[in-house]
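The chain contents come next:
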Amino acid sequence: MKIFCLFSVAFLLLMLVAPGNEAKVYKRCELAARLKRAGMDGYRGVSLANWICTAYHQSSFNTRLVGPQTSSGNREYGIFQISSRWWCDNGHGSTANACGISCYAFLNDDIADDIKCAKRIVRDPQGMNAWYAWQKFCKGKNLSKWTKGCRL
Ligand SMILES: *[C@@H]1O[C@H](CO)[C@@H](O)[C@H](O)[C@H]1NC(C)=O
Ligand SMILES: [Ca+2]
């Protein structure tokens, strides 16, 4: 039993320190700073608060989130919940794969590729309406709370 506990603790520690392998959940202001650094504040006229609000309502800032399978057999991946139907390839069924990337690349703690694809998505005529959570929870709302208290 003691040995088992030691192994468990060792395993847990390993999981915590393994680089690039973390189930990273961003803090709100941490994500705000990261997105700002990536030029997302005002990208295509979309303020930083809109991106934070969208990410929160899509994934709770969890980079590891895989959405449930939809009726069309697709899933959504990562902090922005990007769909395998249009934007990435998850190896199951057909996809437009407009971002030219594996969906699994959206599940690690390096969100550079997620950001790049989100920019591609918002360049389409539908803009932010691509994200249902944005329409429902962010569009036309007072979004000041999403960047409040963040040093940006
Ligand atoms: C948005 O909400 C904040 C904080 O609740 C408030 O200070 C601000 O005046 C509001 N902005 C608008 C445009 O209503
Ligand atoms: Ca990634």
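Residues numbered from 1 in each chain as written. Chains lettered and ligands numbered in written order. Predicted model: local features only at pLDDT ≥ 70, side-chain atom pairs only at ≥ 80, totals over all residues. Heavy atoms only, no water.

Under an unreviewed UniProt entry, the name given to the protein chain is Glycosyl hydrolases family 22 (GH22) domain-containing protein, and the organism recorded is Podarcis muralis. As stated in UniProt under Sequence similarities (unreviewed entry), the record for the protein chain gives "Belongs to the glycosyl hydrolase 22 family." (UniProt positions renumbered as here; feature names shortened; annotations may be inferred.)

1. Observations regarding the coordination of the calcium ion (ligand 2)
Protein coordination of the calcium ion (ligand 2) is provided by A105 (O), N108 (OD1), D110 (O), D113 (OD), D113 (OD) and D114 (OD), with donor distances spanning 2.3 to 3.2 Å. Here the calcium ion (ligand 2) is ringed by six donor atoms whose angles at the metal span 44 to 164°, and the overall shape comes out irregular. Every donor residue of the calcium ion (ligand 2) comes from the same chain, spaced as A-x2-N-x1-D-x2-D-D. A relative accessible area of 1% means that D114 is categorised as buried. (Donors = N, O, S within 2.8 Å, 3.2 Å for Na, K, Ca; no water. Tetrahedral: all angles 85-135°; square planar, octahedral: opposite > 155°, others 65-115°. Buried < 20%, exposed > 50% of the residue type's maximum accessible area, 1.4 Å probe, protein only.)

2. Let's talk about helix 3 (residues 48-59)
With twelve residues, helix 3 extends 16 Å from end C-alpha to end C-alpha; this agrees with the ideal 16 Å at 1.5 Å per step. For helix 3, a buried count of ten out of twelve residues is recorded, marking the element as mostly surrounded by other parts of the structure. Listed as buried for helix 3 are L48, A49, N50, W51, I52, C53, T54, A55, Q58 and S59. Where the residues of helix 3 are buried, they touch helix 2 (28-37), strand 1 (76-77), helix 4 (112-122) and helix 5 (132-138). Looking one or two residues past helix 3, S60 carries a phi angle of roughly 55°, positive in sign. (Helix = DSSP H or I, 4+ residues; strand = E, 2+ residues; numbered from the N terminus. Expected span 1.5 Å × (residues − 1). Contact = heavy atoms within 4.5 Å.)

3. Here's the deal with the UniProt feature "domain: Glycosyl hydrolases family 22 (GH22)" (unreviewed entry) in the protein chain
Per the UniProt record, the feature "domain: Glycosyl hydrolases family 22 (GH22)" (unreviewed entry) sits at residues 99-117. Counted over residues 99-117, helix gives 32% and strand 0%. Its end C-alpha atoms are 6 Å apart.

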